[in-house]
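# Notes for the structure review
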Amino acid sequence: GQQYQVVSYIPTAGPDVLSSIPLPRDRPSAWTNDASYSLISQYYLQTPNDLSPLVMKTLNSWTQGAANTYDAMNMLVSHLSDRTKFVYSISNPPVPSNIDAVSWLLQTRRGYCTYYTSAMAIMARLLGVPARMVNGFSQGQYDARRKVWEVDGNNAHSWVQVYFPGQGWIDFDPTPGFSLGKTSSPQPSPTAGTSPTPVKPVATATGTNPRPGNHPTPPGGSSTTGANDGTRSMLFLDFSLVILLVALLTLAVASYRYRLSKLYANIPIIAGMYWRVSRLASLTGTSPRASQTPYEYTCMLCQRYPRAQAALWRITHLFVRERWGARQHLPHEGEVKDIEQLWPAMRNAILRSWPARLRVEKRNR
């Protein structure tokens, strides 16, 4: 329901103008004479010191024969977005610690938008061209009835901006299957807060065991003795079943706790707590949607579980800072301890809200 207006500067230079700008190595003065170049070059020409020689070798091959900066950037886009050689994928193994991300993409040839924009930005900088990665949203989908553009989590995307002297930052999109201005694109990288949808139990038919009843008394026998023996047998059977059920439940709880401990062993405390909230909410019928950001999901949780609202927003803010914030914005030790203390109250609030919500839904039906 929030509305806001955005005013932005959009460069209007066309291909003819951009093609007139040489590569920095060919005519440095065309760049150094730009009033903003000295400042921009301090921030947008940095490259890692441990890049593999594969990166420079690939860059030279892809941009061979480029007559100007614009040609070189389009060559990079053409190669990285080639869907016959690179694959857009949201399920990727983590980048190993002993290799840089660009080399990893060039070897595996699969990844999502952040992989491809990182590669192009680094390659542009190796050519001496200032470049940066932009994280934001595409234009979304147009609602003809309401005459508005709708933008949600499905439109999250990353692309590249390249600085051209005298013209400003120009957009390029090297991700396979994406191009600037298109409204239909592959799914972006998954947002945090997503957890598996719980599987609903399937009811199965069970047989019925006849209870001891009134049967004809055999000759010379006693009906009372037979009834007592049958009663003792059923009591023993019921007691055995209860013991077995308790043992199975104890084993299941122990197994579940062990799996959780293994699952969260290598996850930071804040992230682990956020995933526990998502899992608990999913078990009580409030699963996140694939398109939701953490803030969108928390907004939905607060509507379902108002008693936990303050704690839910607190852990969400810290989770976003921990996962995507700069180093100076990471949660400090005191905030981590606060979240650990909030967890029992938050868990209980969600569990207590569940029966009340079921009663409301039952009345509505």
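Residues numbered from 1 in each chain as written. Predicted model: local features only at pLDDT ≥ 70, side-chain atom pairs only at ≥ 80, totals over all residues. Heavy atoms only, no water.

### Quick word on the overall build of the chain
A count of helical and extended segments in the chain gives 12 helices and 7 strands. By the burial criterion, 34% of the 365 residues in the chain qualify as buried. Restricting to contacts in the chain with at least 6 residues of sequence separation, those with at least 24 account for 61%. (Helix = DSSP H or I, 4+ residues; strand = E, 2+ residues; numbered from the N terminus. Buried < 20%, exposed > 50% of the residue type's maximum accessible area, 1.4 Å probe, protein only. Contact = heavy atoms within 4.5 Å.)

### Some details on the packing of aromatic side chains
Scanning the model with the defined rule gives 16 aromatic pairs in all. Geometrically, the ring pair formed by Tyr 142 and Trp 149 is tilted, given 5.3 Å between the ring centres and 55 degrees between the ring planes. Look at Trp 149 and you get partly exposed, because its relative accessible area is 46%. Taken together through their ring pairs, the aromatic side chains of Tyr 43, Tyr 44, Tyr 163 and Trp 169 make up a single cluster. In this structure, Arg 132 is placed above the aromatic ring of Tyr 44, and the distance from its NZ or CZ to the ring centre is 5.6 Å. Between Arg 132 and the ring centre of Trp 169, over which it is positioned, the NZ or CZ distance is 3.8 Å. (Phe/Tyr/Trp six-rings, centres within 6.5 Å; stacked < 30°, edge-to-face > 60°. Lys NZ or Arg CZ within 6 Å of the ring centre and 35° of its normal.)

### Some points on the confidence of the model for the chain
On average, residues of the chain score 79 in pLDDT, and 78% of them reach the 70 mark or higher. Between the elements of the chain, mean pLDDT differs from a low of 67, seen in helix α8 (residues 223–263), to a high of 97, seen in helix α5 (residues 69–80). Taken together, the stretch residues 183–225 has pLDDT below 50 and engages in 57 contacts with residues farther than four places along the chain or on a different chain. (pLDDT = per-residue confidence, 0-100.)

### Thoughts on unusual backbone geometry
Located in the positive-phi region is Arg 109, a residue other than glycine, with phi close to 60 degrees. For Arg 109, the location among the structural elements is in the loop between α6 (101–108) and β2 (110–111). Look at Arg 109 and you get partly exposed, because its relative accessible area is 33%. Within the chain, Lys 147 stands out as a residue other than glycine whose phi angle is a positive 60 degrees.

### Notes on the nonpolar core
Core analysis: the largest hydrophobic core is formed by 37 residues, its most contacted members being Met 73, Met 120, Val 162 and Phe 172. Broken down by secondary-structure element, the contributors of at least two residues to this core are α4 (53–62), α5, α6, α7 (113–126), β6 (156–164) and β7 (168–172). Looking at this core, the element that brings in the most residues is α7, giving 8 residues. Setting aside residues up to four positions removed in sequence, Val 162 forms contacts with Met 73, Met 120, Val 129, Pro 130, Ala 131, Gly 168, Trp 169, Ile 170 and Phe 172. Core analysis: the second largest hydrophobic core is formed by 24 residues, Val 277, Tyr 305, Ala 308 and Met 346 among them. (Core = buried A, V, L, I, M, F, W, Y, C linked by side-chain atoms within 4.5 Å.)

### A closer look at helix α10 (residues 294–304)
Taken together, the buried positions of α10 are Pro 294, Tyr 297, Thr 298, Met 300, Leu 301 and Cys 302. Contact partners of the buried residues in α10: α9 (269–283) and α11 (309–324).

### Examining the state of the cysteines
Throughout the structure, instances matching the rule amount to 0 disulfides. Free of any disulfide, Cys 302 has its nearest neighbouring cysteine sulfur in Cys 299, separated by 6.8 Å. (Disulfide = S-S within 2.5 Å.)

### Some words on the sheet that holds β6
Within the open sheet, the 3 strands sit side by side as β3-β6-β7. Their pairing is antiparallel. Taken across any chain shown, the strands that pair with only one partner, and hence form the sheet edges, are β3 (131–137) and β7. Between one strand and the next, the sheet's axes are offset by a mean angle of 40 degrees, whatever the strand orientation. With 7 bridges joining them, β3 and β6 adopt antiparallel strand pairing. Directly across from Phe 137, in β6, lies its bridge partner Ala 156. Seen against the sheet, α5 touches β6 and β7 and runs at an angle of roughly 30 degrees to β7. The sheet strands contacting α7 are β3, β6 and β7, and the helix crosses β6 at an angle near 10 degrees. (Pairing = 2+ DSSP bridges. Axes fitted to C-alpha atoms, helices over the stretch in contact; angles between N-to-C directions.)

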